[in-house]
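# Geometric and topological summary
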There are 2 protein chains.
Amino acid sequence: MAQLINRKSASVQQSISAITTIYPHLSQLKKLPIIYNNQLDTTVPIISGGGSGHEPAHFGYVGNGMLTAAICGDIFIPPHAEEILEAIRFVHKGNGVFIIVKNFEADIKEFAKAFKAARKEGITIKYIVSHDDISVETSNFQVRHRGVAGTLLLHKILGEAAKRGANLDELEQMALSLSTSIATLGVATKPATIPGEDKKLFSLENDEISFGIGIHGEPGYRTTKFISSEHLANELVNKLRMRLKWKDGDDYILLINNLGGTSKLEELVFTNDVLQLLELEGLHLKFIKTGHLITSLDMSGLSITLCKVKDEKWVDYLESPTDAFAW
Amino acid sequence: MAQLINRKSASVQQSISAITTIYPHLSQLKKLPIIYNNQLDTTVPIISGGGSGHEPAHFGYVGNGMLTAAICGDIFIPPHAEEILEAIRFVHKGNGVFIIVKNFEADIKEFAKAFKAARKEGITIKYIVSHDDISVETSNFQVRHRGVAGTLLLHKILGEAAKRGANLDELEQMALSLSTSIATLGVATKPATIPGEDKKLFSLENDEISFGIGIHGEPGYRTTKFISSEHLANELVNKLRMRLKWKDGDDYILLINNLGGTSKLEELVFTNDVLQLLELEGLHLKFIKTGHLITSLDMSGLSITLCKVKDEKWVDYLESPTDAFAW
């Protein structure tokens, strides 16, 4: 299939040019792959970043009440430590910087380097490593519990908290409480195509699905024949229940993420199946969002994110308006 | 590729169940495929509808300042006249009903039948047939100038006008002025898959693109090798210029529609190319929107919609807030 790009190496900059033209509150820092909210408003800025290919993440979440800035790497490659450091220096106003990192080995390496350098310059850094993916069960820490769609709950809730004046320590406390309450599990029906290369990152037969696939095409935990959306929803909800151990009447937040190429009709049919199962479970869903939230290029697939509401403020913060264009 | 549904015949009702659960302002009329804004607010209601498979159209555009109701047909099949009539009866408050119909032969047949029956019951009906697609040049009226993504501008602008008190005649005048100002042209890189059938609606070689493809997989006007997003944007913008005959300094509205399966990265790279070309042309873009606006299941492809701003109010109405979830 033709990929609607020019050169792969220019794609990230071209996507940045598009969004900074369309949205007046977004600007690019110098010629760096850094997008920031030019109506800076919080005492403690919050930044995030990661590889590209996951659009609208993360630049779609820059705005009032969400991220102050996002740093974009190349496709499926984290940004360089120097770029992260530049972003930290730029947003810092003397009250420290809070940073949200997804749990991938390569990402953590670059972010850790940048934190070390920033601290040497006297900038206080606090951070959270998001690790909501519960699909990988047996491997070592570095590949398991990747940061996926649940990361967006951190962006929105912490972003709104910062807007309302939370300091660095308060953000860290909230982030820890949140990150241990979120679980995500996904499924793929078609691998992603790397732009300009027309090759697939893994292979699936025509009627197969892969459970627990990562947002970079990492292998899932099981490949099986597809039966129906209901069967699929049932397997995923059961696994999430075992992890989250919810009780009848618990309050939860639900995200259904379209990984890229799945039709909106399928997304809604699957969402309906998940909603019905969670109603049977007796959960009270206090906030629901579906859509292309954090994609993996044109991969087809969906993920479910559930977060137990430990604090009523979380729901309030999720519902607060933002001009981040992807929320 | 596995399609994440249960039964094809149940998909539309299941998608309706999902959205009425998620969005409190949306309700289903009886057990009919009709979604309405349960916070009815306009003197003159505006309704639209068409085949399913184009989600989030049209139910994603039901809300304050947009549609009062949407009627969903089966996948790629228009709703029945009886269902359209039920919707008209339900929303009617004595001041007439304004209806937006996409220019497809089958749609027009069903809507015309419903209009006739409604008028017999004493309900005043005015309507607009949206026909923004400029891709088919030589065939007869019934297949050319299909109603595609530009239809959404009618939904939003007329919806806001109705909210601000426009009467039926004023809506008709505005609709006529709008519908002759809008042009859309699209391209596909991968055909759609009909759910549960796993068959493609047309065929394309791996590196081919098809210009002017319809939202139901109707044949395009030319199939060619893909060169680059810039080349593609250039061809489409040239064709739009020939149709719209713009002048340096003209004010325009721009929509870039993702037909379903194209990655967000490609969508933004292509958008950037279109923005650069339109800047060279000297157009002033007063409103820009990109995304999955009206899809064709999982078809990969993009379309450009341009609308000349003949009335400053149009831009104001587009920018006004709505709770329609897809806007």
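A brief look at the structure comes next. (Residues numbered from 1 in each chain as written. Chains lettered and ligands numbered in written order. Predicted model: local features only at pLDDT ≥ 70, side-chain atom pairs only at ≥ 80, totals over all residues. Heavy atoms only, no water.)

Now for the pairing of strand S7 (residues 182-190) of chain A. Residues and elements named next belong to chain A. With 9 of 9 residues buried, S7 is to be regarded as a mostly interior element. Sheet topology places S7 next to strand S12 (residues 300-308); 8 bridges connect them, and they run antiparallel. In the strand pairing of S12, Thr184 is matched with Thr305. Pairing of S7 with strand S8 (residues 208-211), which is carried by 2 bridges, proceeds in the antiparallel orientation. Each bridged residue has a counterpart across the sheet, and for Val187 the counterpart in S8 is Phe211. (Buried < 20%, exposed > 50% of the residue type's maximum accessible area, 1.4 Å probe, protein only. Helix = DSSP H or I, 4+ residues; strand = E, 2+ residues; numbered from the N terminus. Pairing = 2+ DSSP bridges.)

Attention shifts here to the packing of aromatic side chains. What describes a pair of aromatic rings is the distance from one ring centre to the other and the angle between the planes of the rings. Throughout the structure, instances matching the rule amount to 16 aromatic pairs over all chains. Ring geometry for A:Phe115 versus A:Tyr127: centroids 5.2 Å apart, planes at 35 degrees, classification tilted. One end of the pair, A:Phe115, is in helix H3 (residues 105-120); the other, A:Tyr127, is in strand S6 (residues 125-130), and 12 residues separate them in sequence. Ring centres of B:Phe287 and B:Trp327 lie 5.9 Å apart, and the angle between their planes is 10 degrees; this geometry places the pair in the stacked category. Of this pair, B:Phe287 sits in strand S11 (residues 284-291) while B:Trp327 sits in the segment after helix H8 (312-319); the two residues are 40 residues apart in sequence, bridging distant segments of the chain. Taking the relative accessible area as the measure of exposure, B:Phe287 reaches 11% and is therefore buried. Of the residues examined, B:Trp327 reaches a relative accessible area of 18% and is grouped as buried. Put simply, the rings of A:Tyr23, A:Phe59 and A:Phe325 touch in pairs and so form one group of aromatic residues. The residue whose ring lies beneath A:Lys289 is A:Trp327, and the NZ or CZ to ring-centre distance is 4.6 Å. (Phe/Tyr/Trp six-rings, centres within 6.5 Å; stacked < 30°, edge-to-face > 60°. Lys NZ or Arg CZ within 6 Å of the ring centre and 35° of its normal.)

The next thing to look at is the packing of helix H6 (residues 229-244) of chain B against helix H7 (residues 264-280) of chain B. Residue and element names in this part refer to chain B. At a minimum axis distance of 9 Å, the contact between H6 and H7 shows a crossing angle of 50 degrees. Regarding the angle of H6 to H7, the classification is oblique. H7 is crossed by H6, and the crossing has right-handed handedness. Residue-level contacts link Ser229, Glu230, Leu232, Ala233, Asn234, Leu236 and Val237 of H6 to Val269, Phe270, Asp273, Val274, Leu277 and Leu278 of H7. Taken together, the residues of the contact of H6 with H7 break down into 9 nonpolar, 2 polar and 2 charged. (Axes fitted to C-alpha atoms, helices over the stretch in contact; angles between N-to-C directions. Parallel < 35°, antiparallel > 145°, perpendicular 65-115°, else oblique. Left-handed = near helix turned anticlockwise from the far one by under 90°. Contact = heavy atoms within 4.5 Å. Nonpolar A, V, L, I, M, F, W, Y, C, P; charged D, E, K, R; others polar.)

This next bit is on the interface of chain B and chain A. In this complex, chain B contributes 52 residues to the contact, which on the side of chain A involves 53 residues. Where chain B abuts chain A, roughly 4,500 Å² becomes buried across the two surfaces, and 67% of that area is made up of carbon and sulfur atoms. A per-residue breakdown of the area chain B buries against chain A is headed by B:Met1, B:Leu4 and B:Leu265, which together make up 19% of the total. Our enumeration of links across chain B and chain A arrives at 0 salt bridges. The set of elements that each furnish at least two residues to the side of chain B that touches chain A consists of helix H1 (11-22), strand S7 (182-190), strand S8 (208-211), H6, H7, S11 and strand S12 (300-308) of chain B. Examining the composition of the side of chain B that touches chain A, we find that 9 residues originate from one element, H7(B), more than from any other. (Buried area = accessible area lost by both parts, 1.4 Å probe. Salt bridge = Lys/Arg side-chain N within 4 Å of Asp/Glu carboxyl O.)

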